[in-house]
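# Chain and residue survey
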Amino acid sequence: MEEENYMETVETNRLFMRRLMTDDYKAMAAWDMDERVYKYLLGSACKTVEEPLVWLPKKDPNSKTNILMLVTDKSDGHAVGIYALNYIQEHDSYSLSYVNRYDDWGKGYTVEGMKALINHAVKVYGARKFEGECAKENLGSARVMQKLGMVYAHDSSYTKSDGSKTFESEVYTLSID
């Protein structure tokens, strides 16, 4: 299917999610250019609004293994962030990731949206196993994963893509029968 003809969506009481599209790069600037948002993420904050155009057009909006959803607030339509599930074949599980604009932190959007996206993946893609990783000092993300029903699995570590920082981390998992 062509990008403009297909629109996978997920809704909650407060949020509307749809597949991320190339034209979303301007809305992404609300979090992509904010250093506070990127503190614990693998990448670095963008320097220009157009920077996502390097990778965004390469993403398949119909992928069953790389599910990237633009999240918007239904009340006013503003872009909240991106919630994603990426299939990891070696683990036979979906790795979850999320990023919200800073002024939407603490509003419960991530738990609400990721819970709906996980349920969607179970129904539509037959997903049964999920995993997530966060820096030990990132207590907010640890709480999100716990509220999603995920349980601590083991310690690990990860390094930002530019090599600037390594974080001790915790890996959480969720299995749905």
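Residues numbered from 1 in each chain as written. Predicted model: local features only at pLDDT ≥ 70, side-chain atom pairs only at ≥ 80, totals over all residues. Heavy atoms only, no water.

On to the nonpolar core, then. Y83, L85 and F130 are the most contacted members of the largest nonpolar core, which has 31 residues in total. Sorting the residues of this core by element identifies β2 (15–19), β3 (66–73), β4 (79–88), β5 (93–100), α2 (109–125), β6 (129–135), α3 (139–147) and β8 (166–175) as the ones contributing at least two each. Residue contributions to this core peak at nine residues, all from α2. Residues Y25, M28, A45 and L70 belong to the second largest nonpolar core, which totals 14 residues. (Core = buried A, V, L, I, M, F, W, Y, C linked by side-chain atoms within 4.5 Å. Buried < 20%, exposed > 50% of the residue type's maximum accessible area, 1.4 Å probe, protein only. Helix = DSSP H or I, 4+ residues; strand = E, 2+ residues; numbered from the N terminus.)

As a further point, take the layout of surface pockets. Estimates place the volume of the largest pocket at around 1600 Å³. In terms of lining, the largest pocket is formed by 50 residues, of which the most central are Y40, L41, S97, Y98 and V99. Each residue belonging to the lining of the largest pocket can be placed in one class, and the counts come to 24 nonpolar, 16 polar and 10 charged. (1 Å grid on protein atoms, 1.4 Å probe; cavity = no way out; pocket = protein on both sides within 12 Å on 5 of 7 lines; lining within 4 Å. Points joined across faces, edges and corners; volume = space filled by probe spheres on them. Nonpolar A, V, L, I, M, F, W, Y, C, P; charged D, E, K, R; others polar.)

With respect to the helices and strands, the residue E137 is situated in the loop between β6 and α3. With 97 residues separating them in the primary sequence, E137 and Y40 have C-alpha atoms 9.1 Å apart. Non-local contacts of E137, meaning those with residues more than four positions away in its chain, are made with K39, Y40 and F167. (Contact = heavy atoms within 4.5 Å.)

The next point concerns the side chain of D104. Inspection of the secondary structure puts D104 in the loop between β5 and α2. For D104, the side chain forms a polar contact with the side chain of K107, separated by 2.9 Å. Other than its neighbours up to four places away in sequence, D104 contacts H78, A79, V80 and Y109. (Polar contact = N/O pair within 3.5 Å; in protein donor to acceptor, adjacent residues only side chain to side chain.)

Turning next to empty space enclosed by the protein. Where empty space is left becomes clear once a probe the size of a water molecule has been rolled over the atoms. The tally for this structure, following the rule as stated, stands at one cavity of 30 Å³ or more. In terms of lining, the largest cavity is formed by R19, L20, K59, D60, P61, N66 and L68. The residue inventory of the lining of the largest cavity, partitioned by class, reads three nonpolar, one polar and three charged.

Next up on the list: the pairing of β3. Among the eight residues of β3, eight are classified as buried, and the element is accordingly described as predominantly covered. Side chains of β3 alternate between two faces, with N66, L68, L70 and T72 and I67, M69, V71 and D73 buried alike. The sheet contact formed by β2 and β3 spans five bridges and is antiparallel. When the sheet's bridge partners are listed, R19 is paired in β3 with M69. (Pairing = 2+ DSSP bridges.)

For the structure on display, the rule yields nine salt bridges. As a salt-bridge pair, R19 and E8 come within 2.6 Å of each other at their nearest N and O atoms. Of this pair, R19 sits in strand β2 while E8 sits in the segment before β1 (9–11), and the two are 11 residues apart along the sequence. Each member of the pair, R19 as well as E8, carries the same accessibility label: buried. D155 is the partner of K136 in a salt bridge, and the nearest nitrogen-oxygen pair spans 3.1 Å. Taken together, the residues K136 in the loop between β6 and α3 and D155 in strand β7 (residues 151–159) connect sequence positions 19 residues apart. The partly exposed category is assigned to K136, whose relative accessible area is 35%. (Salt bridge = Lys/Arg side-chain N within 4 Å of Asp/Glu carboxyl O.)

The values are spatial; any link to function lies outside them.
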